[in-house]
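What follows is the residue order along each chain.
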Amino acid sequence: MTDTNLQIRLVRRPTGLPSPEDFEIGEAPLPDPGEGEVLVANHYLSLDPAMRGWMKEGRSYIPPVELGDVMRGGTYGEVLRSNHPTLAPGDRVVGMLGWQSHALSKGDDLYRVPPEVTGPQALGVLGMTGLTAYFGLLDVGRPQEGDTLLVSGAAGATGSVVGQIGKLMGCKVIGVAGTEAKCAWLTEELGFDGAINYRTSPDLTKAVYQATGGKIDVYFDNVGGEMLDSALACLNRGARVVVCGAISQYNSDSATGPANYLSLLVNRARMEGFIVFDYAPRYDEARVELSRWVQEGKIKHREEIVDGLRNAPQAILRLFDGNKQGKLLIRIGS
Ligand SMILES: NC(=O)c1ccc[n+]([C@@H]2O[C@H](COP(=O)([O-])OP(=O)(O)OC[C@H]3O[C@@H](n4cnc5c(N)ncnc54)[C@H](OP(=O)(O)O)[C@@H]3O)[C@@H](O)[C@H]2O)c1
């Protein structure tokens, strides 16, 4: 067993896209668990668009990562040593243990992963992104059978699950993604009814109108910006716009709001944001349902895995240039 902890710290706040110089890679001695603590070896790190927000100074739903601190991140790993009353060596756990190969925890922030769930699943379809899709769509979007659901970022970790849950709810589902291969994956493998390549559509609003008949009942927004405006232009009466994220705006210091917001008034529509962490008391309910759908083959998932924690500062850029499909993960160690 190694006696060092590989760690990546945030040392500079990014301007625009994050760059490897914003991070420092170093090693620290492996810590010993204190009274009631466990030492966890992290096997996978989740890379999430929200991390870009955590690197920014200012008020948000969670404090920013301090300069010099290990970068925050969701992890899957295994308990190596334990002084904890209920966690034992070999237990597989998910937590927010950060961009590092090992971490100490008091255990109350860890979720024990059931035996049938793999590490990548525990961080993806059955982890934070699956939970985001579940609560965002079902609680905030409230889809009804026969509704038209539009999802942006549809070939990503969250969007791909949103669209498949939408199909299970009896919706007509249209996805928006950035390549032809992603669009084909949505319609040919995931069962979406249609897909729009936003990068090659000369008139995005027209493409959305044609695909949805101009009657979107639920728009699940992962992207913001121009995409949000195009969706707003095509709402049905009583539509629900779910503000899950706005990745097109995360690398900008001055995010722009939608010009077409009066469509909410005209269509008696509702636009509502949410943060998945607020649903923590109900996570188990979602995990049961999502696991069943995955086991029954009703929800398919895909992970893009990059080897080596040292590659995380470079790999995070793939969230923003779209060079990945499904959930983006770092495999730590061998
Ligand atoms: N509210 C919450 O509690 C919560 C929780 C988790 C995630 N989120 C949000 O959910 C969204 C999706 O997160 P995720 O983890 O599932 O990431 P993801 O969708 O797996 O990855 C991001 C995808 O966004 C697309 N994208 C990047 N830049 C874009 C742009 N300028 N315009 C349009 N599309 C762009 C890329 O695909 P293309 O090839 O299609 O461009 C990329 O693959 C993010 O906005 C995230 O912040 C919110």
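In case you missed it, the structure is sitting above this.
Presented here is a report on the structure given in the accompanying data block. This structure is a prediction, so every number in the text was calculated from the model and none was measured.

## Observations concerning the site of the ligand
Around the ligand, the structure places 27 residues, and the nearest of them are Thr158, Lys182, Tyr198, Tyr250 and Lys324. Note that an oxygen atom of the ligand is positioned 2.7 Å from one of the backbone N or O atoms of Val276. With the chains in place, 90% of the 910 Å² that the ligand exposes on its own is no longer accessible. Broken down by secondary-structure element, the contributors of at least two residues to the shell around the ligand are α3 (128-141), α4 (157-168) and α11 (318-321). A breakdown of the residues in the shell around the ligand according to their chemical character gives 14 nonpolar, ten polar and three charged. Both domains that meet at the shell around the ligand, namely domain 1 (4-124 + 301-331) and domain 2 (128-277), each give it at least three residues.

## A word on the pairing of strand β10 (residues 194-197)
Examined bridge by bridge, strand β9 (residues 172-177) and β10 share four bridges and lie parallel to one another. In the sheet register, Ile174 faces β10, and the bridge partner there is Gly194. Read as a crossover between parallel neighbours, the route from β9 over helix α5 (residues 180-189) to β10 is right-handed.

## A short note on empty space enclosed by the protein
Under the criterion given, the structure shown has one cavity of 30 Å³ or more. Approximately 60 Å³ is the volume found for the largest cavity. Contributing to the lining of the largest cavity are Gly124, Val125, Gly156, Ala157, Ser160, Val161, Lys300, His301, Arg302, Glu303, Gly326 and Lys327. Looking at the lining of the largest cavity element by element, the count peaks at three residues for α4. Classifying every residue of the lining of the largest cavity by side-chain character gives three nonpolar, five polar and four charged. When residues are assigned to domains, the lining of the largest cavity turns out to be shared by domain 1 (4-124 + 301-331) and domain 2 (128-277), each giving three or more.

## Considerations on the nonpolar core
Soluble globular proteins tend to pack their nonpolar side chains together in the buried interior. In this structure, Leu149, Ile165, Leu186, Phe220, Leu290 and Ile299 are the most contacted members of the largest nonpolar core, which totals 43 residues. The biggest single contributor to this core is α3, with six residues. Two domains each provide a minimum of three residues to this core, namely domain 1 (4-124 + 301-331) and domain 2 (128-277). Among residues more than four places away in sequence, those in contact with Ile299 are Val125, Val161, Gln164, Ile165, Leu168, Leu290, Trp293 and Val294.

## Points about the sheet that holds strand β8 (residues 148-151)
Backbone-to-backbone hydrogen bonds join strands into a sheet, with any given pair of strands oriented parallel or antiparallel. Strands sit in the order β10-β9-β8-β11-β12-β13 across an open sheet of six strands; the sheet is parallel. With one partner strand each, in any of the chains shown, β10 and β13 (270-273) form the two edges of the open sheet. On average, adjacent strands in this sheet sit at an angle of 15° to one another, irrespective of strand direction. Both strand β12 (residues 235-243) and β13 contribute to a ladder of four bridges, which runs parallel. When the sheet's bridge partners are listed, Val242 is paired in β13 with Glu272. α5 rests against β9 and β10 of the sheet, and its axis sits at about 170° to β10.

Rules and cut-offs
Residues numbered from 1 in each chain as written. Predicted model: local features only at pLDDT ≥ 70, side-chain atom pairs only at ≥ 80, totals over all residues. Heavy atoms only, no water. Near = heavy atom within 4 Å. Polar contact = N/O pair within 3.5 Å; in protein donor to acceptor, adjacent residues only side chain to side chain. Areas by Shrake-Rupley, 256 points an atom, 1.4 Å probe, with all protein chains shown as cover. Helix = DSSP H or I, 4+ residues; strand = E, 2+ residues; numbered from the N terminus. Nonpolar A, V, L, I, M, F, W, Y, C, P; charged D, E, K, R; others polar. Domains from an automatic or database assignment. Pairing = 2+ DSSP bridges. Right-handed = clockwise from strand over helix to strand, strands pointing away. 1 Å grid on protein atoms, 1.4 Å probe; cavity = no way out; pocket = protein on both sides within 12 Å on 5 of 7 lines; lining within 4 Å. Points joined across faces, edges and corners; volume = space filled by probe spheres on them. Core = buried A, V, L, I, M, F, W, Y, C linked by side-chain atoms within 4.5 Å. Buried < 20%, exposed > 50% of the residue type's maximum accessible area, 1.4 Å probe, protein only. Contact = heavy atoms within 4.5 Å. Axes fitted to C-alpha atoms, helices over the stretch in contact; angles between N-to-C directions.

These figures come from the coordinates and say nothing about function on their own.
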